[in-house]
Amino acid sequence: MANYYSQGRTNYFRVKDGEKFEQEINELQDGVANGIGVVKKDDKYALLFEDGAPTFYYNEETGEERDVDMEGFIRENLADGSVCIMQEIGAEKLRFLDGWSIAFNNKGDRKVILLDDIYEGIESFGECTQCEY
């Protein structure tokens, strides 16, 4: 059985309070198994995810465990008028390829595009099978 590996990142986005955001990201980095990189460009931030966006936090010192909602975390910190786009791609060898992109703001607007959406509405093109073993 093959393992699934993914990588992700965001675009550059503005936050309400850069100091608070950096502190919260540093705390989050300490407890997630898959690393989070932070890149700052002028007054904007981008996040890089070594093995996909983290979904779980564990602090070895305190034993604290909790789920991580990366989209919710970013949304809470987004400045008004700024949009974050999270993108992730992954593969299980060449058996499955997966990818998605989510755009959202701090007002609750959200748009999702899945790589597999390509299969919708192409019946008129001809016979088509899915990309899998």
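Residues numbered from 1 in each chain as written. Predicted model: local features only at pLDDT ≥ 70, side-chain atom pairs only at ≥ 80, totals over all residues. Heavy atoms only, no water.

(A) Quick peek at the environment of Ser82. Relative to the elements of secondary structure, Ser82 occurs in the loop between helix 2 (70-77) and strand 7 (84-92). Sequence spacing of Ser82 and Lys16 is 66 residues, and the spatial spacing of their C-alpha atoms is 9.7 Å. What Ser82 contacts, discounting residues up to four positions off in sequence, is Phe13, Arg14, Phe104 and Asn105. Polar side-chain contacts of Ser82 include one of 3.0 Å to the backbone nitrogen of Arg14. (Helix = DSSP H or I, 4+ residues; strand = E, 2+ residues; numbered from the N terminus. Contact = heavy atoms within 4.5 Å. Polar contact = N/O pair within 3.5 Å; in protein donor to acceptor, adjacent residues only side chain to side chain.)

(B) Inspection of the packing of helix 1 (residues 18-29) against helix 2 at higher detail. The N-to-C vectors of helix 1 and helix 2 enclose an angle of 160°; their axes lie 11 Å apart at closest approach. Considered as vectors, helix 1 and helix 2 are oriented roughly antiparallel to each other. Helix 2 is crossed by helix 1, and the crossing has right-handed handedness. Counted together, Lys20, Phe21, Glu24, Ile25 and Leu28 of helix 1 and Met70, Phe73 and Asn77 of helix 2 form the full contact between these two elements. The residue makeup of the contact of helix 1 with helix 2, split by class, is 5 nonpolar, 1 polar and 2 charged. (Axes fitted to C-alpha atoms, helices over the stretch in contact; angles between N-to-C directions. Parallel < 35°, antiparallel > 145°, perpendicular 65-115°, else oblique. Left-handed = near helix turned anticlockwise from the far one by under 90°. Nonpolar A, V, L, I, M, F, W, Y, C, P; charged D, E, K, R; others polar.)

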